[in-house]
Amino acid sequence: MAKTLACLLLLVTAVANADYLDITTSLTDGGTFGVATFKGQFTDPVGTGIFEPFWRARQSGNDTTYEFFNTDARPLSGDLAAGNNANGGDITNRTFLVSTLLAVDGQFVFLLDTNEPNGGGKDLLSLDRFIIRTSSSSTINTYAGLAGANLVYDIDTAGPCQATMGSAFCTNKPSNGVKLTEELNPGSGKTNMAVLVPVSLFAGHENEYLYLDAQFGNVGRDAAAQAGFEEWSALRGAQPVVPEPSSIVLLGTVLAGVCYRMRKRRAV
Ligand SMILES: [Ca+2]
Ligand SMILES: [Ca+2]
Ligand SMILES: [Ca+2]
Ligand SMILES: [Ca+2]
């Protein structure tokens, strides 16, 4: 009996700690799950970051739920080849080194552009999973493989929902997540949510590749996914250095000079 009561108490506590953060009223809404912040908008105070989508997926049809993670694996195979997620996968999805992320006030910034109809309740979309992992491999293509990668952050185990900004509020659900709407910032290329993750969580994993496992459309089926592609981008700083045309010409001139001298010396 005592055991049953303890189990019940544990269950009640677990349910009480599982919530959806509702940021469907205003772009200034937001809150936290543990150390990460989820909010309707983000303004880069530095203004130098480069926004590049690295995650692009959808499930065709109406009122669906789907899950996907970014990878460099080509062609997409394993778990990622299933369904219509792969339609966008081959074009846009890729991973990158953690060291290329730009820190803003001690946080790495991930931006979500949802693609849902504007209105009629179809604009609603739930983010049900948000899991960040890192790995020395850039070509993981199964969930089993991803489960073996280093766990950085998982919204479901991060802590209870705390609505801390604007009119955001938390509603009791079986697991943690965020309820969003396309309507607050409609259109493609417009940010519908920003997630701020402390840089400190990535310590010792700077030279590993980043994976974002995200699921949409599952909360109680009242914020299901419609077929437009959702996209995640990250605010990144250090980009791979590509020599400028002028330096390539300069390098070519120097090399030509060296070759000429070597030929001349050989001819002597
Ligand atoms: Ca959008
Ligand atoms: Ca929807
Ligand atoms: Ca969840
Ligand atoms: Ca969609």
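A few points on the structure. Keep in mind it's a predicted model, so treat the numbers as computed, not measured.

### Looking at the overall build of the protein
Across its full length, the protein holds 4 helices and 15 strands. Of all 268 residues assigned to the protein, the portion counted as buried reaches 37%. For the protein, contacts bridging at least 24 residues in sequence account for 81% of all contacts bridging at least 6.

### Some thoughts on unusual backbone geometry
A positive phi angle, close to 55°, is found at Asp-63, a residue other than glycine. On the secondary structure map, Asp-63 appears in the loop between strand E4 (50-57) and strand E5 (66-69). Positive phi outside glycine occurs at Asp-105, with the angle close to 55°. Of note, Asp-105 is situated in the loop between strand E6 (103-104) and strand E7 (107-113).

### Notes on the pairing of strand E14 (residues 209-216)
Looking along a regular strand, one sees the side chains alternate between the two faces of the sheet. For E14, a buried count of 6 out of 8 residues is recorded, marking the element as mostly surrounded by other parts of the structure. As paired strands, E5 and E14 are joined by 4 bridges and run antiparallel to one another. Within E14, the position partnered with Phe-69 by the bridge is Asp-213. With 8 bridges joining them, strand E8 (residues 124-135) and E14 adopt antiparallel strand pairing.

### Describing the pairing of strand E13 (residues 193-198)
Along E13, 5 of the 6 residues are buried, which leaves the element largely enclosed by surrounding structure. Note that E7 and E13 share 6 bridges and pair antiparallel. Each residue of the ladder has a partner; that of Phe-110, found in E13, is Val-195.

### Some points on the environment of Pro-75
Its place among the elements puts Pro-75 in the loop between E5 and helix H2 (86-92). With 10 C-beta atoms counted inside 10 Å, the residue Pro-75 sits in the exposed group. Here the alpha-carbon distance between Pro-75 and Asn-141, two residues 66 residues apart in the chain, equals 9.8 Å.

### Here we look at the environment of Ser-77
Here Ser-77 lies in the loop between E5 and H2. Note on Ser-77: 14 C-beta atoms within 10 Å, which makes it partly exposed. As a C-alpha pair, Ser-77 and Ile-140 span 63 residues in sequence and 9.7 Å in three-dimensional space.

Scoring rules and cut-offs
All chains use their own residue numbering, which begins from 1 and follows the written sequence. Written order determines the labels here, with chains lettered from A and ligands numbered from 1. Note on the predicted model: pLDDT of at least 70 is required for a residue's local features to be given, and 80 or more for side-chain atom pairs to be given and counted; whole-chain, interface and lining totals, by contrast, use all residues. Secondary structure elements are taken from DSSP: a helix is a run of H or I of four residues or more, a strand is a run of E of two residues or more, and numbering for both begins at the N terminus. Buried residues are those with 20 or more other C-beta atoms within 10 Å of their own C-beta, exposed residues have 12 or fewer, and partly exposed residues lie in between; C-beta atoms are placed from the backbone. For the purpose of contact definition, each residue receives a C-beta atom placed from its backbone, and two residues are in contact when these atoms lie within 7 Å. If DSSP finds at least two bridges between two strands, the strands pair.

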